[in-house]
Amino acid sequence: MDNCLGLLKIHVQRGVNLAIRDSRSSDPYVIFKLGKHKVKTRVVKKNVNPEWNEILTLSVSDPNTPVKLFVYDRDTFSFDDKMGDAEFEIGPYFNVVKMGLTGLPNRTIISKVQPNRKNCLAEESPIYISNGKVVQDIVLRLRNVECGEIELQLQWKLKTRVIKGNVNPEWNECFNISASDPHVPINLCVYDKDTFSFDDKMGEVDIDVGPFLKALKMQLQGVPDGITVAKVQPTKQNCLTEESSIVWSGGKLVQSMILRLRNVECGEVELQLRSD
């Protein structure tokens, strides 16, 4: 049974003053582990202050399980040398995500996690709102090594349940998503669940929420039920397969969409946006 609570996005930004394992430098990469799941950055050659700027994704089933990371120096003709390790708790971040906060100004700080003897934080770690999303900035001091820090940022991705053996799945699930910037789309990715290997990507779309957020600013109280507030046409920039209407229904704004998946040979996703 798939009991994943969601997907943790780890934006691996950079390493600072990492240990030298070759004659003058190192070829570092980072492995992240959460339970049985493992992901890895690319190798940055000959740099002890590497800039990865990669986003890795881990499936979260238990937010009380810490994420462990290991830094290695890539060697071609021998075993990779260890350059330190660390771990960080995701519980405080997950607790803020669960609040379902909406409408808060950008950069609003919700919580702060302090360094202590039990965690690997090098400095205070804020959890805050960024473009309608909850993020956490983390700087980790590597253990079991003479020097080195890793800088990263946490983000959260919601996930549907897995529909087995079906290329025409019906999820019929609802998610609360905070969106405040009309210029920032919501990214949707479709994956094929694999038990013994990485999940295969089945396409993605960017959901343009600009027209919907614009309609939210209208004074619609007293408007007859079922009236169409706006219509959005398919363009080269959005992923719509057909016209999408924004309708005032039951005291809420509703927009139904059919989106064509990109970077894949075929497939569409049907969804609906609803105001609170």
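Residues numbered from 1 in each chain as written. Predicted model: local features only at pLDDT ≥ 70, side-chain atom pairs only at ≥ 80, totals over all residues. Heavy atoms only, no water.

In the annotation of an unreviewed UniProt entry, the protein is listed under the name C2 domain-containing protein and assigned to Cannabis sativa. Under Sequence similarities (unreviewed entry), UniProt gives the following word-for-word description of the protein: "Belongs to the plant CAR protein family." (UniProt positions renumbered as here; feature names shortened; annotations may be inferred.)

A. Seen up close, a negative patch on the surface. Together, Glu170, Glu242, Glu243, Glu268 and Glu270 make up a region of like negative charge exposed at the surface. With respect to the element layout, glutamate 270 can be found in strand β16 (residues 268-274). (Patch = residues over 30% accessible without salt bridge, like charges linked within 9 Å, V, L, I, M, F, W, Y side chains within 5 Å. Areas by Shrake-Rupley, 256 points an atom, 1.4 Å probe, with all protein chains shown as cover. Salt bridge = Lys/Arg side-chain N within 4 Å of Asp/Glu carboxyl O. Lys, Arg positive; Asp, Glu negative; His and termini not counted. Charge placed at Lys NZ, Arg CZ, Asp CG, Glu CD. Helix = DSSP H or I, 4+ residues; strand = E, 2+ residues; numbered from the N terminus.)

B. Summary view of the pattern of salt bridges. Taken as a whole and judged by the stated rule, the model has 12 salt bridges. Here arginine 161 ties to glutamate 173 by a salt bridge, and the two come within 3.1 Å at their closest N and O atoms. Remark: glutamate 173 occurs in the loop between β10 (149-157) and β11 (186-192) and arginine 161 occurs in the loop between β10 and β11; sequence separation between them is 12 residues. Using a relative accessible area of 39% as the deciding quantity, one classes arginine 161 as partly exposed. Glutamate 204 serves as the salt-bridge partner of lysine 201, at 3.1 Å between the closest nitrogen and oxygen. Taking relative accessible area as the criterion, lysine 201 reaches 47% and is therefore assigned partly exposed. (Buried < 20%, exposed > 50% of the residue type's maximum accessible area, 1.4 Å probe, protein only.)

C. The arrangement of empty space enclosed by the protein in detail. Applying the stated criterion across every chain, the model contains two cavities of 30 Å³ or more. Here the largest cavity is characterised by a volume of approximately 70 Å³. Forming the boundary of the largest cavity are Asp206, Ile207, Asp208, Pro211, Val232, Asn238, Cys239, Leu240, Gln255, Met257 and Leu259. Among the elements that make up the lining of the largest cavity, the one with the highest residue count is strand β15 (residues 252-260) (three residues). Of the residues contributing to the lining of the largest cavity, the split by class is seven nonpolar, two polar and two charged. (1 Å grid on protein atoms, 1.4 Å probe; cavity = no way out; pocket = protein on both sides within 12 Å on 5 of 7 lines; lining within 4 Å. Points joined across faces, edges and corners; volume = space filled by probe spheres on them. Nonpolar A, V, L, I, M, F, W, Y, C, P; charged D, E, K, R; others polar.)

D. Main features of a positive patch on the surface. Among the surface-exposed residues, Lys33, Lys38, Lys40 and Lys68 lie close enough to one another that they form a single positively charged patch. Tracing the chain through its elements places lysine 33 in strand β2 (residues 28-34).

E. Spotlight on the sheet that holds strand β6 (residues 81-88). Ordered by their spatial adjacency, four strands build an open sheet running β3-β2-β5-β6, and the pairing between neighbours is antiparallel. The open sheet terminates on both sides in strands that have one partner only, identified here as β3 (37-40) and β6. Averaged over all adjacent pairs, the angle separating strand axes in this sheet is 20°, with direction ignored. By the bridge criterion, four bridges tie β2 to β3 in an arrangement that is antiparallel. (Pairing = 2+ DSSP bridges. Axes fitted to C-alpha atoms, helices over the stretch in contact; angles between N-to-C directions.)

F. Structural detail: the domain arrangement of the protein. The assigned domain composition of the protein is domain 1 (6-157) and domain 2 (186-274). Here the C-alpha centroids of domain 1 and domain 2 sit 32 Å apart. (Domains from an automatic or database assignment.)

G. The arrangement of the side chain of glutamine 255 in detail. Structurally, the position occupied by glutamine 255 is in strand β15. For glutamine 255, a relative accessible area of 1% translates into the label buried. Among the polar contacts made by the side chain of glutamine 255, one reaches the side chain of serine 244 at a distance of 3.0 Å. Sequence-distant contacts of glutamine 255, that is, excluding residues within four places in its chain, are made with Phe212, Val232, Ser244, Ser245, Ile246, Leu271, Gln272 and Leu273. (Polar contact = N/O pair within 3.5 Å; in protein donor to acceptor, adjacent residues only side chain to side chain. Contact = heavy atoms within 4.5 Å.)

H. Just the packing of aromatic side chains, in detail. Across all of its chains, the model carries two aromatic pairs by this definition. The ring centre of tyrosine 29 lies 4.6 Å from the NZ or CZ of lysine 40, which sits over that ring. (Phe/Tyr/Trp six-rings, centres within 6.5 Å; stacked < 30°, edge-to-face > 60°. Lys NZ or Arg CZ within 6 Å of the ring centre and 35° of its normal.)

I. The layout of surface pockets, seen in detail. Approximately 180 Å³ is the volume found for the second largest pocket. Going through the elements one at a time, β6 and β9 (133-141) are the ones with two or more residues in the lining of the second largest pocket. It is β9 that contributes the most residues to the lining of the second largest pocket, three residues altogether. Partitioning the lining of the second largest pocket into residue classes produces seven nonpolar, three polar and three charged.

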